[in-house]
Amino acid sequence: MHSEETPALALITGASSGIGRQIAQRLALAGYTIVVDHFRDPEGADQTLELIRAAGSDGWAMDADVGSAEELDGLFAKIGDNDLPLKVLVNNAAVQTFAPLMELSEEDWDRTIRTNLKGTFLCTQRAARLMQSHGGAIVNIGSGANRVPFPSLGDYAASKGGIEMLTKV
């Protein structure tokens, strides 16, 4: 648990809904100031920020594509310029395509790998650089889809398997 006496930031990617929103809310209850990363979902991000404030914390939203090094450079520059240290990164942003392998398009494959696996890699590198001087924690959200084959989730399973190996490395 985080102490209110030592304020710090927690960045959650894909925090405008679902699991990311719940993680943001729990970290807010633990005393973190939350950076809500969303991708083209400002309404969802605003709803998450309302929950964060109701939990007694504060935060802000950033619209950054986790698969874009350029957009992440802007996000992490703002975090690095903040007075509060980044202590937690939760790599939660993910997409998936429900399609049999023979029907899965290259475009959908690339989008899933770019968001899920490349996004985790890029965010992890940037967060680790900011955390080097004071420590912190990086949490990568996995899935059972990398252990049990789901015939219509080939792109998602491959990305989550890659995240598991990246985490082990």
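Shown above is the structure to which this text applies.
Keep in mind the model is a prediction, meaning the values are calculated, not measured.

J.: Please give an account of unusual backbone geometry that cites residues and values.
T.: Peptide bonds are trans in most cases, and residues, glycine excluded, mostly fall at negative phi. One non-glycine residue with positive phi stands out, namely R40, at about 60°. Tracing the chain through its elements places R40 in the loop between strand 2 (33–38) and helix 2 (42–54). What makes R40 partly exposed here is its relative accessible area of 47%.

J.: Could you give an account of helix 5 (residues 154–168), with specific residues and numbers?
T.: Under the 1.5 Å per step criterion, the end-to-end length of helix 5 is 21 Å for 15 residues, consistent within 8% with the ideal 21 Å. Among all positions in helix 5, only D155, Y156, A157, S159, K160, G162, I163 and E164 are buried.

J.: Can you explain the sheet that holds strand 5 (residues 137–140)? Please cite residues and give values.
T.: In spatial order, the strands read 3-2-1-4-5; together these five strands make up an open sheet with parallel pairing. The open sheet terminates on both sides in strands that have one partner only, identified here as strand 3 (59–63) and strand 5. This sheet shows a mean twist of 15° between the axes of neighbouring strands, independent of strand direction. For strand 4 (residues 86–91) and strand 5, the ladder comprises four bridges, and the chain directions are parallel. Residue pairing across strands places L89 opposite I138, the latter belonging to strand 5. With respect to the sheet, helix 2 is in contact with strand 2 and strand 3, its orientation differing from that of strand 2 by roughly 165°.

J.: Hey, could you go over the pairing of strand 3 for me, with residue numbers and the actual values?
T.: Note: strand 2 against strand 3, five bridges, orientation parallel. The partner of D37 across the bridge, within strand 3, is M62. Handedness of the crossover joining strand 2 and strand 3 through helix 2 is recorded here as right-handed.

J.: Which residues make up the packing of helix 4 (residues 106–131) against helix 5, and what values do they have?
T.: Where helix 4 contacts helix 5, the two axes come as close as 9 Å, and the packing angle between them is 20°. Between helix 4 and helix 5, the angle is such that the two are roughly parallel. Seen from above, helix 4 lies across helix 5 with right-handed handedness. Between helix 4, through D108, W109, T112, I113, N116, L117, T120 and F121, and helix 5, the contact on the second element is made entirely by G154, D155, Y156, A158, S159, G162, I163 and L166. Along the lines of polarity and charge, the residues of the contact of helix 4 with helix 5 split into eight nonpolar, six polar and two charged.

J.: Mind laying out the nonpolar core, listing which residues take part and the relevant values?
T.: I12, L27, Y32 and I34 are the most contacted members of the largest nonpolar core, which has 19 residues in total. For this core, the secondary structure elements donating two or more residues are strand 1 (9–13), helix 1 (18–29), strand 2, helix 2 and strand 4. For this core, the element with the highest residue contribution is helix 1, accounting for four residues. I34 has contacts with A10, I12, A24, L27, A28, I52, D58, G59 and W60, leaving out every residue within four places of it along the chain. L11, V66, F76 and A127 belong to the second-largest nonpolar core, a separate cluster that totals 18 residues.

Conventions we followed
Residues numbered from 1 in each chain as written. Predicted model: local features only at pLDDT ≥ 70, side-chain atom pairs only at ≥ 80, totals over all residues. Heavy atoms only, no water. Helix = DSSP H or I, 4+ residues; strand = E, 2+ residues; numbered from the N terminus. Buried < 20%, exposed > 50% of the residue type's maximum accessible area, 1.4 Å probe, protein only. Expected span 1.5 Å × (residues − 1). Pairing = 2+ DSSP bridges. Axes fitted to C-alpha atoms, helices over the stretch in contact; angles between N-to-C directions. Contact = heavy atoms within 4.5 Å. Right-handed = clockwise from strand over helix to strand, strands pointing away. Parallel < 35°, antiparallel > 145°, perpendicular 65-115°, else oblique. Left-handed = near helix turned anticlockwise from the far one by under 90°. Nonpolar A, V, L, I, M, F, W, Y, C, P; charged D, E, K, R; others polar. Core = buried A, V, L, I, M, F, W, Y, C linked by side-chain atoms within 4.5 Å.

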